[in-house]
Amino acid sequence: YEQPLTIHLMDTGTFVFGGDELGSLDSLQSALLRETQIIKRHTDKKLADTNVIIRADKTAKIGLVQEIIQSCQELQFERFHLRGKKSDKPTLGGT
């Protein structure tokens, strides 16, 4: 498992993981659980050392991103990389 696990959070609130569109956080967690079983059976890599990339649509709710991280942590994943699309609007008082 040299490649990171990538989770896409779509603007519709659905998730894409492993090429499958998943409609709920429970479905995503089930898919991640299957992935943990594969990693444990076929590699000597620790789950904590597996990189998880979370890509969120710019309109995605940050709370949902936090729920994804929490679900991953419950399965022993610890390394996260967040990706998002940069907003066109300033957020720190810039113009």
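Just so you know, these numbers come straight off a predicted model, no measurement behind them.

## Some remarks on helix 1 (residues 25-42)
Item 1. With 18 residues, helix 1 extends 26 Å from end C-alpha to end C-alpha; this agrees with the ideal 26 Å at 1.5 Å per step.
Item 2. Those residues of helix 1 lying buried are Leu28, Ala31, Leu32, Glu35, Thr36 and Ile39. Viewed along the axis of helix 1, the buried residues span an arc of 150°, placing them on a single side of the element. Of the residues in helix 1, the exposed ones pointing more than 90 degrees away from the buried face are Asp26, Lys40 and Arg41.
Item 3. Contacts made by the buried residues of helix 1 are with strand 1 (5-9), strand 2 (15-17), strand 3 (20-22) and helix 2 (62-74).

## Regarding the sheet that holds strand 5 (residues 79-84)
Item 1. Strands sit in the order 3-2-1-4-5 across an open sheet of 5 strands; the sheet is mixed. Each edge of the open sheet carries a strand with a single partner, namely strand 3 and strand 5. Each neighbouring strand pair of the sheet contributes to a mean axis angle of 25°, computed without reference to strand direction.
Item 2. Bridge count between strand 1 and strand 4 (residues 51-56): 5 bridges; the pairing is parallel. For His8, the partnering residue across the bridge sits in strand 4 and is Arg55.

Definitions and cut-offs
Residues numbered from 1 in each chain as written. Predicted model: local features only at pLDDT ≥ 70, side-chain atom pairs only at ≥ 80, totals over all residues. Heavy atoms only, no water. Helix = DSSP H or I, 4+ residues; strand = E, 2+ residues; numbered from the N terminus. Expected span 1.5 Å × (residues − 1). Buried < 20%, exposed > 50% of the residue type's maximum accessible area, 1.4 Å probe, protein only. Arc of directions from axis to C-beta. Contact = heavy atoms within 4.5 Å. Pairing = 2+ DSSP bridges. Axes fitted to C-alpha atoms, helices over the stretch in contact; angles between N-to-C directions.

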